[in-house]
Amino acid sequence: MLIVPGKLLAGINSPEDVKKLDQAQLVQLCDELRHFIIDNVSVYGGHFGASLGVVELTVALHYIFNTPYDQLVWDVGHQAYGHKILTGRRDSFHTNRLYGGLSGFPKRSESEYDAFGVGHSSTSISAALGMAAASRYLKIEDKQHIAVIGDGAMTGGMAFEGLNHAGVSDTNILIILNDNCMAIDPNVGALKDYLTDITTSKAYNKLKDEAWNVLGKLSNFGKSAQEIVSKVETGIKAALLSQSNLFESLNLRYFGPVDGHDVNHLVTVLNDLKHIKGPKILHCITTKGKGYGPAEKGNATTWHAPGTFDKITGEIHKKVFEQKQAPKYQDVFGHTLVELAKANDKIIGITPAMPSGSSMNIMMKEMPERAIDVGIAEQHAVTYSAGLATQGLIPFCNIYSTFMQRAYDQVIHDVCIQNLPVNFCLDRAGFAGADGPTHHGAYDLAFFRCLPNMIVSAPMNEAELRNLMFTAQLPRKEKAFSIRYPRGQGVMPNWQTAMVEIEIGTARKLQGGGELAILTIGHVGNYAVEACKHLAKSNVEIGHFDMRFVKPLDERMLHEIFSEYRKIITVEDGGLQGGFGSAILEFMADNNYHAEIKRLGIPDRVVEHGEQHELHEECGFDAKGIERAVVEMLEFSTRV
Ligand SMILES: Cc1ncc(C[n+]2csc(CCOP(=O)(O)OP(=O)(O)O)c2C)c(N)n1
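Residues numbered from 1 in each chain as written. Predicted model: local features only at pLDDT ≥ 70, side-chain atom pairs only at ≥ 80, totals over all residues. Heavy atoms only, no water.

Caption draft 1: Structural context of the overall build of the protein chain. Helix and strand content of the protein chain: 28 helices and 17 strands. In terms of principal-axis extent, the alpha carbons of the protein chain reach across some 85 × 55 × 50 Å. For the protein chain, buried positions account for 59% of its 640 residues. Of the contacts made within the protein chain by residues no fewer than 6 positions apart, 78% connect residues no fewer than 24 positions apart. Total accessible area computed for the protein chain in this model is approximately 25,900 Å², and 53% of it derives from carbon and sulfur atoms. Looking at the protein chain, you have 61 positive and 74 negative side-chain charges, and the mean spots of the two groups are 2 Å apart. (Helix = DSSP H or I, 4+ residues; strand = E, 2+ residues; numbered from the N terminus. Buried < 20%, exposed > 50% of the residue type's maximum accessible area, 1.4 Å probe, protein only. Contact = heavy atoms within 4.5 Å. Areas by Shrake-Rupley, 256 points an atom, 1.4 Å probe, with all protein chains shown as cover. Lys, Arg positive; Asp, Glu negative; His and termini not counted. Charge placed at Lys NZ, Arg CZ, Asp CG, Glu CD.)

Printed below as a string of structure tokens:
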């Protein structure tokens, strides 16, 4: 479907064109840009509320700053749709997040305007600071370096590490804090309260207003601006002694709060700040979903990434699979955790800022004192869980596979080396789909299976997930227990099975026979089932084993398999380097077996975005790919 841009937007092919507009035209450009985003996302889906919230900021930034020479870094990047549209990608924007289309996040290889690739949060300050430090080192004085970071992303430890460094860096960095009081779910923590205080404190704002009045005249003063700022600051600092400002205390010049939807004021302010050297922060207040009624008035979490919707009525289209059949794995996790927690008062749920995404919100609603959102703070979530475990509680720390990468040292240092019984549930394991490479959960099997005191498991269906969770909450004095499952739907409409204990490190033989065995881990085992069924129609008989645990491996079962079969295919929705297939190869080598092994999984390259099934197909481990591998292996004689 062709989406037609408004009159002004139709003429914007780069930020140069934005700069050619009269300032008086910017309000209209914002309006057109907003409608273009609404038109596109309602039809093609994607992130929504965050991009609407920064429309004015985006236009003002490209109006004032000299991108791509000036470096503009978006944190997370889910809010950068307006930026993409203004920087030459308007006509291809309908391919956003589609297989082979534009990435849903800024990406260096996609555009010179995307100064830094993103997807994970809280990286912008460090990246922009590195750029600013490089400019200083290279004696480039006129370059600007801007990080746009949300209040949610600001809760991440890395943001604080960047702030701490920025304050003593003597670099030309501008941090724009886009404060809308939301992460995906409502933002949490003491910082959120602090930002609200600073925004609403009358005394503080009076003082700031006075400062702004002086600052507003800066543009006319040219070089003496710096001097004026110093004078104003001295006054502010004295007055602030009684009411300290966190950012000023960290040696950053703090400006704001300003209305992030007043494009004209933003233009003035940014123009002023351009002339002020050194590290500084501008606090902008915005509303997620701004300018689209249903999103502004409705549930901001729902409108973070609503899928497609009717833009006139605001009715969100239901996905077909939501109307029938099996539930999403995340929901099975959420409901099962509550079920287990009702019977076991030691269970505590932990999520780093993903209550809705992980369905931990089910427990947060039913047992608010026992399910905790710690903010975008994966490292903290892991060590906090370790602390809980030392006191005999049973933490279920749910972190998306991709975000677990952030907390790797905490898993090693705070959990595995101390041999603490922490349970990790890794959602979105395997290909994440449209979010793309920054979000694929490709590495967890490899990076967890090399750790001592770590149990690594993956359920093939809902019943298995429930059984693994049941097993993980049984009294256990040691070892971390990880359970990984994919984004999306399982396979069992009647998923509320009675839960039973699974003996740790045991596999399931789903079918025997033939001269080739498929060994699978996790949900992709269902692809193998499909392949087996199809092959059976042509009278090709093979074995299929759901290994269930990558660590410890079911060695008894593997001895049987390697004694019986000389042809083996391993299938995993994870990286082939060091993953499940590698574990099987190691077993074979360590036990002196000789078999022909073909490993199917995620290859050693960056796999881009697309629907999960498209990516499975691309990498050859969907049902057809497995079938092809079987046929090839059976047809060609072994080299063993
Ligand atoms: C390390 C990491 N953890 C979790 C996420 C998932 N995530 C994406 S956006 C988001 C909320 C960001 O909130 P904020 O920075 O305030 O931006 P807003 O959406 O409110 O504009 C979260 C938690 C992520 N991208 N990266």
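Caption draft 2: Inspection of the environment of D31 at higher detail. Mapped onto the secondary structure, D31 falls in helix α2 (residues 26-44). Considered as a pair, D31 and V55 are 24 residues apart in the sequence and their alpha carbons are 8.5 Å apart.

Caption draft 3: Up close: the pattern of salt bridges. What the rule picks out here adds up to 21 salt bridges. Of the charged contacts, one joins K342 and E366 as a salt bridge, the two residues approaching to 3.3 Å between their closest N and O atoms. Remark: E366 occurs in helix α18 (residues 361-366) and K342 occurs in helix α16 (residues 329-343); sequence separation between them is 24 residues. Take K342: its relative accessible area is 58%, and that puts it in the exposed class. Among the residues examined, E366 registers a relative accessible area of 47% and is labelled partly exposed. (Salt bridge = Lys/Arg side-chain N within 4 Å of Asp/Glu carboxyl O.)

Caption draft 4: Geometry of the site of the ligand. In the vicinity of the ligand lie 22 residues, with H78, G152, M182, K288 and E378 positioned nearest. Within the contact set of the ligand, an oxygen atom lies 2.7 Å away from a side-chain nitrogen or oxygen of H78. One of the side-chain N or O atoms of D151 is found 3.3 Å from an oxygen atom in the ligand. Here the residues of the shell around the ligand are counted per class, giving 10 nonpolar, 8 polar and 4 charged. (Near = heavy atom within 4 Å. Polar contact = N/O pair within 3.5 Å; in protein donor to acceptor, adjacent residues only side chain to side chain. Nonpolar A, V, L, I, M, F, W, Y, C, P; charged D, E, K, R; others polar.)

Caption draft 5: Local environment of the packing of aromatic side chains. This model, assessed by the stated rule, comprises 20 aromatic pairs. Relative to Y593, the ring of F587 has its centre 6.0 Å away and its plane inclined at 20°; by these criteria the two rings are stacked. Y593 matches F587 in its accessibility class, with the two residues each being buried. Taking the ring centre of Y69 as reference, the NZ or CZ of K143 above it sits at 4.8 Å. (Phe/Tyr/Trp six-rings, centres within 6.5 Å; stacked < 30°, edge-to-face > 60°. Lys NZ or Arg CZ within 6 Å of the ring centre and 35° of its normal.)

Caption draft 6: Expanded view of the side chain of N419. Assignment of secondary structure puts N419 in the loop between α21 (408-416) and β9 (423-427). Classification of N419 as buried rests on a relative accessible area of 19%. Polar contacts involving the side chain of N419 include one to the side chain of E478, which spans 3.2 Å. Here N419 is in contact with N453, K477, E478 and K479, once residues within four sequence places are set aside.

Geometric descriptors of this kind do not, in isolation, establish any biological role.
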